[in-house]
Amino acid sequence: MSDKNAKLLYGEKTVDLRVPQSATLLEMKPLSGLDDPKGAVYSALADPIESGTLAELAKGRKNACVVISDFTRPVPNKIILPPLLKSLEQSGLKRDRITILIATGMHRPNLGAELEYLVGREIMDNYHIVNHYCRKPEEYRKIDEIDGAPIEINNHYLDADLKILTGLIEPHFYAGYSGGRKAILPGISSFETMKFMHSYKMIDHPRVTNCILEGNPFHEYGIRVTELVKADFILNVVINKDRDIAGVFAGHYNHAHLAGCAMVYAHSAVKLDQRFDMVVTSGGGYPLDATFYQISKALICSMDIMKKGGTIVVACECREGIGGPEFRGIMGSVSNYQEFTERYSDPKDFVIDQWCAQNIYQVADHAGQIYVYSPALSSDDLKSMGMIKIDDVQETVNELLPEHEDVVVVPDGPYVVGMVE
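(A) Structural view of the nonpolar core. One finds Tyr 157, Phe 292 and Leu 299 to be the most contacted residues of the largest nonpolar core, which totals 83 residues. The dominant element in this core, judged by the number of residues it contributes, is helix α14 (residues 354-366), at six residues. Contacts of Tyr 157, omitting those with residues within four sequence positions, involve Cys 65, Val 67, Leu 101, Lys 163, Ile 164, Leu 165, Ile 184, Ile 188, Val 229, Lys 230 and Ala 231. In this structure, Val 41, Val 75, Leu 85 and Ile 102 belong to the second largest nonpolar core, which totals 36 residues.

Here is the structure:
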């Protein structure tokens, strides 16, 4: 009987892998790309979900703020932004009254070549584009408190007469699904707000996980803040494994988002009746696997379908290394989940990037061994996190197979969510 073949997403390429027929291959259900994605965007703008059309909403407005995701998300901005911006201008909003705000969260600003990659040269050269800076107090102001924590949102958004959110809907290991309200919280929120939304307590909540909205405080706080600051219109898309647009969802910030979440759940969530001894996965490809910081998403998805003490093999390019200095500092300051909890569970000790470190140590505590294929990372980097650097995925998997009875391969990494019943 022939082996099963899989292509693990890796940077802008793939890593080929062969596994026995007895292994489970966990993949997205087939999802066809749209024949005319730009036409689908125009149609969605003209026939939105539970909302007036964007053209109707834009008439008579003094100015507009269009929030877009940052460089770490594969949003097809070059397809979705031109129709949106054209609609605004045809409704009477001149270009100099339109601000494109990049929802960086706590990530770095997107400038130069990254900005051009994000929106294309024409939009880059002809529109006012600003990055959100979560640590610059002059960039935001307080609009609410939740459990004593300040909720502070970017001024460009708060001061806009017309507020529009764009983004990508996919499984998200905190918010249930990305897109919609997440563009505001945490996308354009302050560092102090992020300390609350990414606190040890929040990340430790059992309902803060992939593909769950009901009872998920991360999602529910996002809705609460969006209702407070308002969002006049959203334009979100769903993409397939080839990064082609498969669905366009425009209109009401919640109803349109939920319609997109339903499509994602139908194609990305896979029900399972067992946990596995070994999970072979990917970091999700570029740009998601640009740093090891983001690989926490693939590791969490692996832990959720793996038996206690199981094995993980993950392929991730990490062309930019481990991550930022804060993340590197956390990973170098403790050696296991217990030490992490002792040092970082108190809100007073919060530091940037601790949430991904928390996830990584959770997975390391649950797993037996974690093997990482990433030529860009050193053995010392991985050893300090309790992981093992490997030079060949196929060779490593071949060596491990005899010791593992139940094996699952997830070529698309965090884009596919196994849900054990």
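Anyway, onward from the coordinates.
(B) Summary view of the packing of aromatic side chains. Counting across every chain of the model gives 13 aromatic pairs. An aromatic cluster is built from Tyr 200, Phe 340, Tyr 344 and Tyr 361, whose rings are joined through pairwise contacts. The ring of Tyr 133 carries Lys 136 above its face, with NZ or CZ at 4.1 Å from the centroid. Between the NZ or CZ atom of Arg 319 and the centre of the ring of Tyr 286, over which it lies, the distance is 3.8 Å.

(C) Structural view of helix α13 (residues 337-344). Among the residues of α13, those classed as buried are Tyr 337, Phe 340 and Tyr 344. Down the axis of α13, the buried side of the element spans an arc of 55°, and every buried residue falls inside it. Among the exposed residues of α13, those pointing more than 90 degrees away from its buried face are Gln 338 and Glu 342. Against the buried residues of α13 lie α8 (200-203), α12 (325-333) and α14. The N-terminus of α13 is capped by Asn 336, whose side-chain oxygen sits 3.2 Å from the backbone nitrogen of Gln 338.

Rules used in this analysis
- Residues numbered from 1 in each chain as written.
- Predicted model: local features only at pLDDT ≥ 70, side-chain atom pairs only at ≥ 80, totals over all residues.
- Heavy atoms only, no water.
- Core = buried A, V, L, I, M, F, W, Y, C linked by side-chain atoms within 4.5 Å.
- Buried < 20%, exposed > 50% of the residue type's maximum accessible area, 1.4 Å probe, protein only.
- Helix = DSSP H or I, 4+ residues; strand = E, 2+ residues; numbered from the N terminus.
- Contact = heavy atoms within 4.5 Å.
- Phe/Tyr/Trp six-rings, centres within 6.5 Å; stacked < 30°, edge-to-face > 60°.
- Lys NZ or Arg CZ within 6 Å of the ring centre and 35° of its normal.
- Arc of directions from axis to C-beta.
- Polar contact = N/O pair within 3.5 Å; in protein donor to acceptor, adjacent residues only side chain to side chain.

Worth remembering: the numbers are spatial, not functional.
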